[in-house]
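# Observations on the model geometry
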Amino acid sequence: MKPFTYIGRPARVLFGAGTLQQLSAEVDRLGARKAIVLSTPEQRASAEMVAALLGARAAGVFDRAVMHVPIETAREARAYAAKLGADCAVAIGGGSTVGLGKAIALESPLPIVAIPTTYAGSEMTSVYGITEAGLKKTGRDDRVLPRTVLYDPELTLGLPVAMSITSGMNAIAHAAEGLYSATSNPIIELMAEEGIRALGQALPRVRAQPRDIEVRGDALYGAWLCGTVLASVDMALHHKLCHTLGGSFNLPHAEVHTIVLPHALAYNAAAAPEAMRKIARALEGKSAPRAVYDLARDNGAAVALKDIGMKAQDLDQACDIAMSNQYPNPRPLERDAIRALLQDAFEGARPA
Ligand code: NAD
């Protein structure tokens, strides 16, 4: 076995239907008294429900979380948290809302309780992102790692099917890249394969029975594992490409992940055969890129960048940005091959 480094990130995870009811006890456990509750405008009702559960522990609700954490929103939320004298942030929602909690914690050291309602995985990571003047800067900081995570599948019953599928594919992408990461290790590989397996089985069932709590629990379990992979090892080509496409061309996060993943895997296939074998095994397929592509397509997700707003004339620039810095990836970054990958993703071709 080759040598490795394993980093376990300290989070307290409570998992199961009805776990939300333990929120007040968890806030008490952190020694906090005044929570600012965060959400998107669309999830205001969930935030109010959480505030009601917290009773006197809820200092106020801030419902303006949006994708990619604009610096202006982060400043507003920080000012509101300070005005309330908040000593804890409770974030209910997806990666955007958890991301806002992280932006607050980056400046004032308050603990975050995350209540994820998508499969994006941000709740497990110490990665934050803030967008200023159109540029998203990301970084790692242990202060932003949520201290407590409540995974309650009941809160995902209303996640629309289309979003459930792409969010689940987003999670699978973390695990897939974790399997060939330069910093991977045997523990993370176990979690990655199991996470892909759980989501691969759950997503078609979520599509068929979106309000089945067992199925939603299985999907959320997979998402937790995949989020842990994202938190623990470095990502590679796929995540860098999605960051470029999402950030520079303003494409929706989970959809971009869904579309690019089969092509990023095809690019790396020959250089990472063991990872491919595990991904294919987890999805009960013969080829990892095709199994991932089929999972998305067969469950109604868009498989072409041209269908989610990418313009053909921007592909060269996307390739330039993707090539502008080198990072560890199983196969070195080759301009012509990356450009071909982007073309395939643009057209939505099934990997050969
Ligand atoms: P999101 O948080 O933007 O949510 C998308 C929409 O779905 C929002 O309107 C939200 O209110 C709604 N929604 C969420 N859960 C719902 C539910 N259960 N029922 C109904 N509606 C619901 O989407 P996301 O994909 O979870 O997060 C994307 C963002 O998170 C991106 O900015 C991405 O960069 C970031 N992210 C960060 C990390 C990290 O480690 N820092 C990891 C993954 C994603």
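The preceding data block contains the structure.
Residues numbered from 1 in each chain as written. Predicted model: local features only at pLDDT ≥ 70, side-chain atom pairs only at ≥ 80, totals over all residues. Heavy atoms only, no water.

Attention now moves to the site of the ligand. Around the ligand sit 23 residues, and of these Thr40, Ser96, Thr117, Thr118 and Thr125 come closest. Interatomic distance of 3.1 Å between a side-chain N/O atom of His68 and an oxygen atom of the ligand. Thr118 is positioned with one of its side-chain polar atoms (N or O) 2.7 Å from an oxygen atom of the ligand. For the ligand, whose accessible area on its own is 850 Å², the fraction buried by protein is 84%. Structurally, the shell around the ligand is a two-domain feature, drawing no fewer than three residues from each of domain 1 (12-156) and domain 2 (161-347). (Near = heavy atom within 4 Å. Polar contact = N/O pair within 3.5 Å; in protein donor to acceptor, adjacent residues only side chain to side chain. Areas by Shrake-Rupley, 256 points an atom, 1.4 Å probe, with all protein chains shown as cover. Domains from an automatic or database assignment.)

On to the environment of Arg143, then. Structurally, Arg143 can be placed in the loop between strand 7 (135-140) and strand 8 (148-151). Spatially, the C-alpha atom of Arg143 lies 33 Å from that of Leu265, the residues being 122 residues apart in sequence. Every residue in contact with Arg143, bar those within four places of it in the chain, is listed here: Ala105 and Leu106. Reaching out from Arg143, the side chain makes a polar contact with the backbone oxygen of Leu106 at a distance of 3.3 Å. (Helix = DSSP H or I, 4+ residues; strand = E, 2+ residues; numbered from the N terminus. Contact = heavy atoms within 4.5 Å.)

Let us look at the pairing of strand 8. The alternating pattern of strand 8 places Thr148 and Leu150 and Val149 and Tyr151 on opposite faces, both of which are buried. In terms of strand pairing, strand 1 (residues 12-15) meets strand 8 through four bridges, oriented parallel. The partner of Leu14 across the bridge, within strand 8, is Leu150. Two elements, strand 5 (residues 112-116) and strand 8, share two bridges in a ladder whose sense is parallel. Bridging across to strand 8, Val113 finds its partner in Thr148. (Buried < 20%, exposed > 50% of the residue type's maximum accessible area, 1.4 Å probe, protein only. Pairing = 2+ DSSP bridges.)

A few words on the layout of surface pockets. The calculated volume of the second largest pocket comes to roughly 330 Å³. Of all elements in the fold, only helix 6 (186-208) and helix 10 (273-282) reach the threshold of two or more residues within the lining of the second largest pocket. Of the residues that constitute the lining of the second largest pocket, the class distribution is eleven nonpolar, five polar and four charged. (1 Å grid on protein atoms, 1.4 Å probe; cavity = no way out; pocket = protein on both sides within 12 Å on 5 of 7 lines; lining within 4 Å. Points joined across faces, edges and corners; volume = space filled by probe spheres on them. Nonpolar A, V, L, I, M, F, W, Y, C, P; charged D, E, K, R; others polar.)

Glancing now at the environment of Thr125. Relative to the helices and strands, Thr125 is located in the loop between strand 5 and strand 6 (127-132). Dropping the residues within four chain positions of it, Thr125 is found in contact with Lys102, Val144, Leu145, Pro146, Gly227, Leu230 and Ala231. There is a polar contact of 3.1 Å between the side chain of Thr125 and the backbone nitrogen of Val127.

Tallied over the full model, the rule gives 20 salt bridges. Residue Arg44 is joined to Asp63 by a salt bridge in which the shortest nitrogen-to-oxygen separation is 3.3 Å. Highlighted residues: Arg44 in helix 2 (residues 44-54) and Asp63 in the loop between strand 3 (58-62) and helix 3 (71-84), separated in sequence by 19 residues. Glu194 is the salt-bridge partner of Arg197, the closest N and O atoms lying 2.8 Å from each other. Here Arg197 pairs with Glu194, and both are found in helix 6, just three residues apart, close to one helical turn. When its relative accessible area of 29% is taken as the criterion, Arg197 is described as partly exposed. Since its relative accessible area comes to 24%, Glu194 is described here as partly exposed. The network of salt bridges with common partners includes Asp294, Arg297, Asp298 and Arg350. (Salt bridge = Lys/Arg side-chain N within 4 Å of Asp/Glu carboxyl O.)

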